[in-house]
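Architecture at a glance
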Amino acid sequence: MKLRNKRLDHALDMGSRLRRPALPFVQSASVGGLFRPMMLQAAALCLRPGPNDTPEVLLVRTLTTKRWILPKGWPEEGLTLAEAAAREAWEEGGVRGTVATHPIGSFTYRKLRKDGMTLDCRADVFVLIVDEICDRFPESDIRDRTWTHPHKAAKMVTEPDLRKLLGGL
């Protein structure tokens with residue numbers, strides 16, 4: 001699938017050339033004199049052709065705060081980060097496709113756990129060109145999803161780094 005968008009073509013090209021190693025964590029800012037690790041997640045920037053072959057982005061709602069976000073999750077043993085991102089795209093958004101092997105960027109956010117504690121997270125973002133969209137998928141009963149233009153998606157998400165990444169497509 002070829003999407004007619006120069007910025008997206010450039011982002012895909014840059015993502016294919018990135019060689020940054022996937023580290024299990026990076027050091028975050030100090031909290032009360034203690035250092036807490038920044039947890040790594042894998043996110044899928046799922047794209048399909050929209051009107052006039054302009055890209056549309058898949059957003060899903062978070063389970064607790066109901067914010068719009070890219071499908072994302074924790075690394076899984078035996079999977080690359082790109083493969084983990086593709087698995088999250090299926091589980092949370094019901095899409096399958098071809099995933100880039102290198103991230104096109106990342107965003108940070110604070111995850112609120114069920115016990116009230118927070119985790120600082122960095123999500124590496126992998127482009128996934130959608131080949132299949134299903135109505136029934138593992139989290140279809142508990143998640144909302146929507147397809148939208150990248151600039152509108154940038155206004156719907158709350159994470160500044162993710163807004164910038166989406167706005168640049």
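I will try to describe carefully the structure that is included in this document. (Residues numbered from 1 in each chain as written. Predicted model: local features only at pLDDT ≥ 70, side-chain atom pairs only at ≥ 80, totals over all residues. Heavy atoms only, no water.)

Turning to helix H4 (residues 160-167), a few remarks are in order. Within H4 the residues assigned to the buried category are Leu162, Leu165 and Leu166. Buried residues of H4 fall within an arc of 95° about the axis and therefore sit on the same side. Across H4 from its buried face, at more than 90 degrees, point the exposed residues Pro160 and Lys164. (Buried < 20%, exposed > 50% of the residue type's maximum accessible area, 1.4 Å probe, protein only. Helix = DSSP H or I, 4+ residues; strand = E, 2+ residues; numbered from the N terminus. Arc of directions from axis to C-beta.)

This part is about the pairing of strand S8 (residues 118-133). With 12 of 16 residues buried, S8 is to be regarded as a mostly interior element. Taken together, the 5 bridges between strand S6 (residues 95-99) and S8 define a ladder with antiparallel strand orientation. Note on S8: the bridge partner recorded for arginine 96 is glutamate 132. Bridge count between strand S7 (residues 105-112) and S8: 8 bridges; the pairing is antiparallel. Of the residues in S8, the one forming a bridge with tyrosine 109 is cysteine 121. What sits between S7 and S8 in their antiparallel hairpin is a turn of 5 residues, with glycine 116 showing a positive phi close to 90°. (Pairing = 2+ DSSP bridges.)

A separate point is the side chain of glutamate 92. Looking at where glutamate 92 falls in the secondary structure, it is placed in helix H2 (residues 81-93). On the accessibility criterion, glutamate 92 (6% relative accessible area) is buried. A distance of 3.2 Å separates a polar side-chain atom of glutamate 92 from the backbone nitrogen of lysine 72. (Polar contact = N/O pair within 3.5 Å; in protein donor to acceptor, adjacent residues only side chain to side chain.)

In short, the description is geometric, and any link to function would need to be established separately.
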